[in-house]
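# Structural overview for review
So you can see what is in the structure, the chains are spelled out below.
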Amino acid sequence: MTDRDNLITVHANVSITTQSLQAIVENAKKAAGRDEKGVYRVDTADKVSEMITRFLLENDFESYVNEFEHYK
């Protein structure tokens, strides 16, 4: 797996299904829980970024992009 010190942040538009987004929001809220006022304090946009980054690292995106055949 890639050393996280070697990562940079790239802002890009990524298409995901509405079901994926709903699952991320729902699970992020479950993980964060409610505060004393009953409000969820979680940045779901950051969680989407985190989940996509983790998926790319775990599924060897680096090797994928090095394959020239993927550019045709």
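That block above? That's the structure.
Quick notes on the rules
- Residues numbered from 1 in each chain as written.
- Predicted model: local features only at pLDDT ≥ 70, side-chain atom pairs only at ≥ 80, totals over all residues.
- Heavy atoms only, no water.
- Helix = DSSP H or I, 4+ residues; strand = E, 2+ residues; numbered from the N terminus.
- Expected span 1.5 Å × (residues − 1).
- Patch = residues over 30% accessible without salt bridge, like charges linked within 9 Å, V, L, I, M, F, W, Y side chains within 5 Å.
- Areas by Shrake-Rupley, 256 points an atom, 1.4 Å probe, with all protein chains shown as cover.
- Salt bridge = Lys/Arg side-chain N within 4 Å of Asp/Glu carboxyl O.
- Buried < 20%, exposed > 50% of the residue type's maximum accessible area, 1.4 Å probe, protein only.

## Some details on helix 1 (residues 18-32)
End to end, helix 1 covers 21 Å across 15 residues, agreeing with the expected 21 Å (1.5 Å per residue, within 8%). Positive phi appears at Gly33, one or two residues downstream of helix 1, with a value of about 70°.

## A few points about a nonpolar patch on the surface
On the surface, a nonpolar cluster with roughly 400 Å² of combined accessible area is contributed by Phe55, Leu56, Phe61 and Tyr64. Put simply, the parts of the chain that give the nonpolar patch at least two residues each are helix 2 (44-58) and helix 3 (61-66). According to the relative accessible area criterion, Phe55 is exposed, its value standing at 52%.

## Observations regarding the pattern of salt bridges
In the structure shown here, the tally under the stated rule is five salt bridges. For the salt bridge of Lys47 with Glu50, the shortest nitrogen-to-oxygen distance reads 3.2 Å. One end of the pair, Lys47, and the other, Glu50, are both in helix 2, three residues apart, so they sit about a helical turn from each other. In this structure Lys47 comes out as partly exposed when scored by relative accessible area, which is 24%. Given the relative accessible area of 34%, Glu50 is considered partly exposed. Close ionic contact of Glu50 with Arg54 constitutes a salt bridge, the shortest N to O distance being 2.9 Å.

Note that all results are geometric; they support no functional claim without further evidence.
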